[in-house]
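What follows is each chain in one-letter form.
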Amino acid sequence: MPRTFRSGFISIVGRPNVGKSTLLNHLVGEKLAGVSRKPQTTRHVIRGIVSRPEGQAVFLDTPGFHEPHDRLGDWMMGEIGKALEGSDLIYWVVFPEPPDTLDQELAGKFQKGAIPLFLLINQVDRVVKPKRPPLLEAWRKLHPFREVLSISAVHGENLSVLVEKTFQALPENPAYFDDGILTDQNERTIVGEIIREKVFRFTGEEVPYSSAVEIEEFKEKSAGLVVIKAAVVVEKDSQKVILIGKGGAKIKQIGQAARLEIERFLGKKVFLELWVKTLKNWKKDPEALKRLGYGG
Ligand SMILES: Nc1nc2c(ncn2[C@@H]2O[C@H](COP(=O)(O)OP(=O)(O)OP(=O)(O)O)[C@@H](O)[C@H]2O)c(=O)[nH]1
Ligand SMILES: [Mg+2]
């Protein structure tokens, strides 16, 4: 008898900064999603695919849950909603702490039994072993989760167990994507995300939250050399000054770090030209949002 093939979509949701993108990257084995110490690093849903003889898991990394303050925030929350709608399984990723009142409220929003829900207590590497069982127990009491697991996305702890249980929970389906494909995002989008991650890493205050990246040119000049021209868009001229830095030092640092990572990702030499431009109130402007990839 042929073995059952299972496949489906798994949404990774949770609060900002809990480690959702780190988890996606570790599961897929490739850095697809930007990771930083700052909350709200992820804006797009990023899909990552794991193919095995017994099935295919399509993971959707989402922005963290937060109260939207502008159109960009609304769009990010809408992205989570859309990801959840089409899911066969949900990972709710939480910090290694007992549930608080907000978590209780969120648990109430996940309809009982509608879509299987795994509760993943991440960052357990920060919790001493004797304190882990009571933590698992506190979360088990909150909701009839299909699974409650403690994991470490950074160290890979318990992720093989998670993957096993995931394949068991997926419905019988043929594969959605060809073997060997790790993401359906195009190279341009991922390159934009790599640059944006470096802006998040190397700037402080409100600058990362006011920034977006627009890829203006992406050309293969010769075998093995790609020329990329990108604008980092900010909301105010004062932010532009910070981003450029003294004598252009800041934007140079961002560009160098981004170029090295883009070269690794594309497996080619990259000539990266970055410039900074002010686009007043882009986060509130539907046209600008669309052009920057946050529309539709
Ligand atoms: N110690 C520890 N740190 C972790 C773990 N997982 C993630 N982190 C760190 O937590 C920070 C946030 O990780 P991200 O993966 O960007 O978190 P996120 O949930 O995608 O955040 P948003 O996209 O902003 O919603 C980074 O500094 C990670 O290195 C873990 O298992 N253990
Ligand atoms: Mg993220």
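Residues numbered from 1 in each chain as written. Chains lettered and ligands numbered in written order. Predicted model: local features only at pLDDT ≥ 70, side-chain atom pairs only at ≥ 80, totals over all residues.

J.: Honestly, the overall build of the protein chain in this entry has me stumped. Any pointers?
T.: Each helix and strand counted, the protein chain has nine helices and nine strands in total. For a compact globule of 296 residues, the expected C-alpha radius of gyration is about 19 Å, and the protein chain comes in at 20 Å, within 12% of that figure. Over its C-alpha atoms, taken along the principal directions, the protein chain stretches across nearly 60 × 45 × 40 Å. Summarising the internal contacts of the protein chain: among those between residues at least 6 apart in sequence, 67% fall at separations of at least 24. (Helix = DSSP H or I, 4+ residues; strand = E, 2+ residues; numbered from the N terminus. Rg over C-alpha atoms; globule rule 2.2 N^0.38 Å. Contact = placed C-beta atoms within 7 Å.)

J.: Would you explain the domain arrangement of the protein chain in this entry?
T.: By a widely used convention, the size of an interface equals the accessible area lost when the partners come together. The domain boundaries assigned to the protein chain delineate domain 1 (6–169) and domain 2 (187–291). With ten residues of domain 1 in contact, the opposing surface of domain 2 contributes 13 residues. For the side of domain 1 that touches domain 2, the class distribution of residues is three nonpolar, four polar and three charged. (Domains from an automatic or database assignment. Nonpolar A, V, L, I, M, F, W, Y, C, P; charged D, E, K, R; others polar.)

J.: Please explain the pairing of strand β8 (residues 225–234) as it appears in this structure.
T.: Regular strands place side chains that alternate from one sheet face to the opposite one. Where strand β7 (residues 212–222) and β8 come together, nine bridges link them in antiparallel fashion. By the bridge assignment, E214 is partnered in β8 with A231. Pairing analysis gives ten bridges linking β8 to strand β9 (residues 269–278), with the strands arranged parallel. Bridge assignment links K229 to a residue of β9, and that residue is E273. (Pairing = 2+ DSSP bridges.)

J.: What is the right way to look at the sheet that holds strand β4 (residues 89–94) in this model?
T.: One key point about sheets: their strands pair by backbone hydrogen bonds, in either a parallel or an antiparallel sense. Spatially, the six strands line up as an open sheet ordered β2-β3-β1-β4-β5-β6, and their pairing is mixed. The sheet is open, and its two edges are formed by β2 (46–52) and β6 (147–150), each paired on a single side. Recorded for the sheet is a direction-independent mean angle of 20° between the axes of neighbouring strands. Sheet strands touched by helix α2 (residues 71–85): β1 (6–14), β3 (55–61) and β4. Its angle to β1, the strand with the most contacts, is close to 150°. (Axes fitted to C-alpha atoms, helices over the stretch in contact; angles between N-to-C directions.)

J.: In this structure, what is going on with the sheet that holds β7? I would like to understand it.
T.: Judged by pairing direction, the sheet is mixed, and its three strands sit side by side in the order β7-β8-β9 without closing on themselves. Each edge of the open sheet is held by one strand with a lone partner, namely β7 and β9. The sheet shows a mean angle of 15° between the axes of neighbouring strands, direction not considered. This element, helix α7 (residues 237–244), spans β8 and β9 of the sheet and lies at about 150° to β9.

J.: Would you mind showing me how to read the nonpolar core here?
T.: For soluble globular proteins, the rule of thumb is that nonpolar side chains tend to be buried together. I10, I12, L24, F59, W92, L119 and L120 are the most contacted members of the largest nonpolar core, which has 68 residues in total. A domain split of this core shows at least three residues from each of domain 1 (6–169) and domain 2 (187–291). If we skip the residues at most four places from it in the chain, W92 touches V13, G14, L117, L119 and L120. (Core = buried A, V, L, I, M, F, W, Y, C linked by C-beta atoms within 7 Å. Buried ≥ 20, exposed ≤ 12 C-beta atoms within 10 Å, placed from the backbone.)

J.: Looking at this structure, I do not really get α2. What am I missing?
T.: Each α-helix winds once per 3.6 residues, and so residues spaced three or four apart point in a common direction. The end-to-end C-alpha separation of α2 is 21 Å, in line with the 21 Å expected for 15 residues at 1.5 Å each. Every buried residue of α2 is accounted for by L72, W75, M76 and A83. One side of α2 carries all its buried residues, which in axial view fall inside an arc of 100°. Among the exposed residues of α2, those oriented more than 90 degrees off its buried face are G81 and E85. Among the structural elements, β1, β3 and α9 (286–291) are those in contact with the buried residues of α2. (Expected span 1.5 Å × (residues − 1). Arc of directions from axis to C-beta.)

J.: So what exactly am I meant to see when it comes to the environment of I115 here?
T.: Among the secondary structure elements, I115 is positioned in the loop between α3 (101–109) and β5 (117–121). On the basis of neighbour count, I115 is assigned to the partly exposed category, with 18 C-beta atoms found within 10 Å. Taking the C-alpha atoms as reference, I115 lies 43 Å from T278; in sequence the two are 163 residues apart.

J.: Looking at this structure, I do not really get the site of ligand 1. What am I missing?
T.: Near ligand 1 you find 23 residues, and of these G19, S21, T22, T42 and G64 are the closest. Its residues assigned to classes, the shell around ligand 1 shows seven nonpolar, twelve polar and four charged. (Near = placed C-beta within 6 Å.)

J.: Before we go on, may I ask you to explain the environment of V163 in this structure?
T.: With respect to the helices and strands, the residue V163 is situated in helix α5 (residues 159–169). On the basis of neighbour counts, which here come to 14 C-beta atoms within 10 Å, the residue V163 falls in the partly exposed class. Put simply, V163 and L27 are 136 residues apart on the chain and 8.1 Å apart in space, counted from C-alpha to C-alpha.

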